[in-house]
Amino acid sequence: MDSNASRTPAAPLPPPTTADAWSALVADWDSLRHGYHLGDKDEAVLRCVHSLGADVTGPHSLAWTLGLVVLSPYVGWGSPGPGIEAPVKDVLAAVALAHEGHACAHERHPYEPFEEDMDLYLDRLPGALEVLTDPEPGRSGGLDLQDDEDEHDSSANEDSALTGPELLERWHCPRNLAGFAGVALDYIGG
Ligand SMILES: [Zn+2]
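Source: prediction; values computed, not measured.

## Topic: the packing of helix α3 (residues 61-77) against helix α7 (residues 125-132)
Now for step 1: As a packed pair, α3 and α7 sit with axes 11 Å apart at the nearest point and diverge in direction by 165°. As far as their axial angle goes, α7 and α3 are roughly antiparallel. As for the relative orientation of α3 and α7, their crossing is left-handed in sense. Residue-level contacts link L62, A63, L66, V69 and V70 of α3 to L125, P126, L129 and L132 of α7.
Now for step 2: In terms of residue class, the contact of α3 with α7 is built from nine nonpolar, no polar and no charged.

## Thoughts on the nonpolar core
Now for step 1: Judged by nonpolar contacts, the single largest core of 45 residues is most densely connected at V45, L68, L71 and V88.
Now for step 2: Listing elements by their share of this core, those giving two or more residues are α1 (19-34), α2 (41-53), α3, α4 (85-99), α7, α9 (164-172) and α10 (174-188).
Now for step 3: Top contributing element to this core by residue count: α3, with 10 residues.
Now for step 4: Beyond its immediate sequence surroundings of up to four residues, L68 is in contact with C48, L52, V88, L92 and A184.

Rules used in this analysis
- Residues numbered from 1 in each chain as written.
- Predicted model: local features only at pLDDT ≥ 70, side-chain atom pairs only at ≥ 80, totals over all residues.
- Axes fitted to C-alpha atoms, helices over the stretch in contact; angles between N-to-C directions.
- Helix = DSSP H or I, 4+ residues; strand = E, 2+ residues; numbered from the N terminus.
- Parallel < 35°, antiparallel > 145°, perpendicular 65-115°, else oblique.
- Left-handed = near helix turned anticlockwise from the far one by under 90°.
- Contact = placed C-beta atoms within 7 Å.
- Nonpolar A, V, L, I, M, F, W, Y, C, P; charged D, E, K, R; others polar.
- Core = buried A, V, L, I, M, F, W, Y, C linked by C-beta atoms within 7 Å.
- Buried ≥ 20, exposed ≤ 12 C-beta atoms within 10 Å, placed from the backbone.

Worth remembering: the numbers are spatial, not functional.
Structural data, given as C-alpha cells:
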C-alpha cells in the first residue's frame, strides 16, 4: 500500500436535518478530540472538510467550520494520516478569505476568547454547536461561552447582557467565521 497515495475523497456529508442528528455528529467530533473515537478518524475529518468545501459561504458554513475547530487538536497533534492536514488548512484558508474584510458593528465575536485559551474554550464549543445547529432556533443557552467563567465579575463581561438573537447574530457574523478559521489554522500550525 502506498502511504503517499491520496485517500479516496470522502463524499461531503449531507447536512443533518434534525437536532438529534447534528447532536450525534457534534458528539462524534468531540469524541475524536478526546481520543476515544471508534470509527475512522481521518474519514471523519475529511467528511467535515469536504462538507465545508461545498458550503464555504452557505447556510451550514459556521457549523462545519466549528467542527474543524473541534477537530483541530487531532489534526495538529493527533498524528492524522497523510493527506489530512493539507486539505484541512486549504479549506480553512478558503473560509477565512471568503469572510474576512466584512465590516460589522460588533465589539466582540465568539472566536476571540479562543485566541487566548483554546483548550478552555474548546471544552465549551460542543455545547454552543448543539444550539447553533438546532433546526428549530430559539435556544440561546450555551452561546455565551464566557458566562460561567465571569459570572461573579460583572465588570469583566460586557457581553453578558446580550439577548439570544444578538448572540446568534455574532456567531453567524462573517468576521466570526473568518476568526474561527484563523484560530483553527493557528492551532494546527498553519
Ligand atoms: Zn461582527
